[in-house]
Amino acid sequence: RLFDLDPDLLPLFQYNCKQFASPQECLSTPEFLDHIRKVMLVIDAAVSHLENLSCLEEYLCNLGKKHQAVGVKVESFSTVGESLLYMLEKCLGTAFSPDMREAWSKLYGAVVKAMRRGWETLPEGD
């Protein structure tokens, strides 16, 4: 879903300097699947620390810095969020209620807000 929403994100996923010809080619690589596992670990950590997300603040800020360093734009996280909600809705079906959608949106928004601080804390000119 991510590449359907924003095909321009595909070049960000280059492994071993390989440019992918299609989203399908990227999606089938072990490196991309590993990246998805890492994303889900971050989501899991946020869910596990729901009552105290501030304990993840430094980690998420540093994660934001890493994403900026490889050329990810802050705006791209909106597309990732849409993709996450789409996946949840597809997997959960009617159990994915409007309240559940709102809760996931808020959680994801809090994660992205912390990651955005990684962009804000870089010195000018870097």
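Residues numbered from 1 in each chain as written. Predicted model: local features only at pLDDT ≥ 70, side-chain atom pairs only at ≥ 80, totals over all residues. Heavy atoms only, no water.

- If you look the protein up in an unreviewed UniProt entry, it shows as Nitrite reductase from Ciconia maguari.
- UniProt, in its Catalytic activity (unreviewed entry) section for the protein, records the words "Fe(III)-heme b-[protein] + nitric oxide + H2O = Fe(II)-heme b-[protein] + nitrite + 2 H(+)". (UniProt positions renumbered as here; feature names shortened; annotations may be inferred.)

**Some thoughts on the overall build of the protein**
Move 1: In terms of regular secondary structure, the protein is built from 6 helices and 0 strands.
Move 2: On C-alpha atoms alone, the protein measures out to a radius of gyration of 15 Å, which is about the 14 Å that the 2.2 N^0.38 rule sets for 126 residues.
Move 3: When the 126 residues of the protein are sorted by exposure, 31% land in the buried category.
Move 4: When contacts within the protein are restricted to residue pairs at least 6 apart in sequence, those whose partners lie at least 24 apart make up 57%.
Move 5: Of the accessible surface of the protein, which amounts to about 8400 Å², a share of 56% is contributed by carbon and sulfur atoms. (Helix = DSSP H or I, 4+ residues; strand = E, 2+ residues; numbered from the N terminus. Rg over C-alpha atoms; globule rule 2.2 N^0.38 Å. Buried < 20%, exposed > 50% of the residue type's maximum accessible area, 1.4 Å probe, protein only. Contact = heavy atoms within 4.5 Å. Areas by Shrake-Rupley, 256 points an atom, 1.4 Å probe, with all protein chains shown as cover.)

**Things to note about a nonpolar patch on the surface**
Move 1: Residues Ile-36, Val-39, Met-40 and Met-87 make up a contiguous nonpolar surface patch of roughly 280 Å² in combined accessible area.
Move 2: Mapped onto the secondary structure, Met-87 falls in helix H5 (residues 76–92).
Move 3: On the basis of relative accessibility, which here comes to 31%, the residue Met-87 falls in the partly exposed class. (Patch = residues over 30% accessible without salt bridge, like charges linked within 9 Å, V, L, I, M, F, W, Y side chains within 5 Å. Salt bridge = Lys/Arg side-chain N within 4 Å of Asp/Glu carboxyl O.)

**Structural notes on the side chain of Thr-79**
Move 1: Take Thr-79: it is sitting in helix H5.
Move 2: With relative accessibility at 12%, the residue Thr-79 sits in the buried group.
Move 3: Leaving out residues up to four positions away in the same chain, Thr-79 has contacts with Leu-2, Leu-5, Asp-6 and Leu-9.

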